[in-house]
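In case you want the letters, here they are:
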Amino acid sequence: MNSPHALAKLALAAGVLVAPIFYLTVFIQAAMRDGYSLSRVALSLLSLGNEGWIQITNFIVCGLLALMSVFGFRAVLARHRGGVWSPLLVAIYGLGLVIAGAWHPDPGAGFPPGTPLHSTAPMSGHYIVHWIGFILVNTSLIASCFFFAWVFRGLGQRGWSIYGVVSAVVGIILVAAGLATENFLGPTFGGLVIYSFLSAVSGRLLALAPTASTQPGDLRMDRVGLPG
């Protein structure tokens, strides 16, 4: 086994897991946590309460998986457009998730149960840091959608290029509409769209990753059964 190739594939496999793990964990909690509503309460607030450790762990583990995938993006795209910026954007994404997990939000919107529905208390310092993590995650993901659309266009992968642009536009619309109306279904499913795109990109590059018989950075564009 060629160690650098194997490590790159393992790193990309970690990237594939981020969206499924993150959102499956969120949706299970949403169904089981008392007083939680996907439409009324931001998913970040799942970090609070006796079971808050589950979402904290979810943030941090998924952030670490994203950071692991940086090596795979760098190795596979080393000789192609995006070889510098794609690992950086993914690293910001992973770092933002870790920050969001390490610094929790303030209670609000009646969650955890017993919290006032409307709070006039100023935002705490740890909530501000949590918001910084949230901003890093979402801006880097949206930028990644557009950026990988450009990368795939250069690789002749028109379908994946369109997928990136559509993911970014849909994600922006859902997040903006949800925040404007204070309905958190928008940000939740907007996030699902853009998280899923980057996990799908990890899977796509994993399928195209070089093998021991090829040079580092030589994408296997001849793979059958993979739509362009």
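Our structure's up above, just so we're on the same page.
A few points on the structure. The numbers attached to residues start from 1 for each chain and follow its sequence in the written order. Side-chain atom pairs in this predicted model are given and counted only at pLDDT of 80 or more, local residue features only at pLDDT of at least 70, and totals for whole chains, interfaces and linings cover all residues. Excluding hydrogens and water, the side-chain figures rest on all heavy atoms present in the structure.

1. Side note on the overall build of the protein chain
Secondary structure summary: the protein chain contains six helices and zero strands in total. In DSSP terms, a helix is any run of H or I states spanning at least four residues, a strand is any run of E spanning at least two, and both are numbered starting from the N terminus. Listing the helices and strands of the protein chain from first to last along the sequence gives α-α-α-α-α-α. Relative to the 2.2 N^0.38 estimate, which gives 17 Å for 228 residues, the radius of gyration of the protein chain is 19 Å and therefore close to what a compact globule would have. Dimensions of the protein chain, computed from C-alpha atoms along their principal axes, come out at roughly 60 × 35 × 30 Å. To sort residues, take the accessible area from a 1.4 Å probe on protein chains only and compare it with the maximum for the residue type: under 20% means buried, over 50% means exposed, and anything in between is partly exposed. With 228 residues in all, the protein chain has 46% of them scored as buried. Throughout, a residue-residue contact means that at least one pair of heavy atoms, one from each residue, lies within 4.5 Å. Intrachain contacts of the protein chain at a sequence separation of at least 6 include 70% that bridge at least 24 residues. A gap of 18 Å separates the mean positions of the 11 positive and 6 negative side-chain charges of the protein chain. Values of the radius of gyration come from C-alpha atoms, whereas the globule rule sets the reference at 2.2 Å times the count of residues to the power 0.38. Counted as positive: Lys and Arg. Counted as negative: Asp and Glu, with His and the chain ends omitted from the count. Charge positions come from single atoms, namely NZ of Lys, CZ of Arg, CG of Asp or CD of Glu.

2. Thoughts on the pattern of salt bridges
Salt bridge, as used here, is a side-chain nitrogen of Lys or Arg placed within 4 Å of a carboxyl oxygen of Asp or Glu. For the coordinates displayed, the defined rule picks out one salt bridge. For Glu51, the salt bridge is made with Arg33, and the minimal N-O distance between the two is 3.4 Å. In this pair, Glu51 is assigned in the loop between helix H1 (3-32) and helix H2 (52-76) and Arg33 in the loop between H1 and H2, connecting sequence segments 18 residues apart. Classification of Arg33 by relative accessible area gives buried; the value is 11%.

3. Observations concerning the nonpolar core
Among the nonpolar cores identified, the biggest contains 47 residues, and Phe22, Tyr93, Leu97, Phe148 and Tyr195 are the most heavily contacted of them. Among the secondary structure elements, those contributing two or more residues to this core are H1, H2, helix H3 (85-102), helix H4 (125-154), helix H5 (158-181) and helix H6 (185-208). Those residues within four positions of Phe148 in sequence are excluded, and the remaining contacts are Phe73, Leu77, Ser86, Phe197, Leu198 and Val201. Side-chain atoms within 4.5 Å link the members of a nonpolar core, which is a set of buried Ala, Val, Leu, Ile, Met, Phe, Trp, Tyr and Cys residues.

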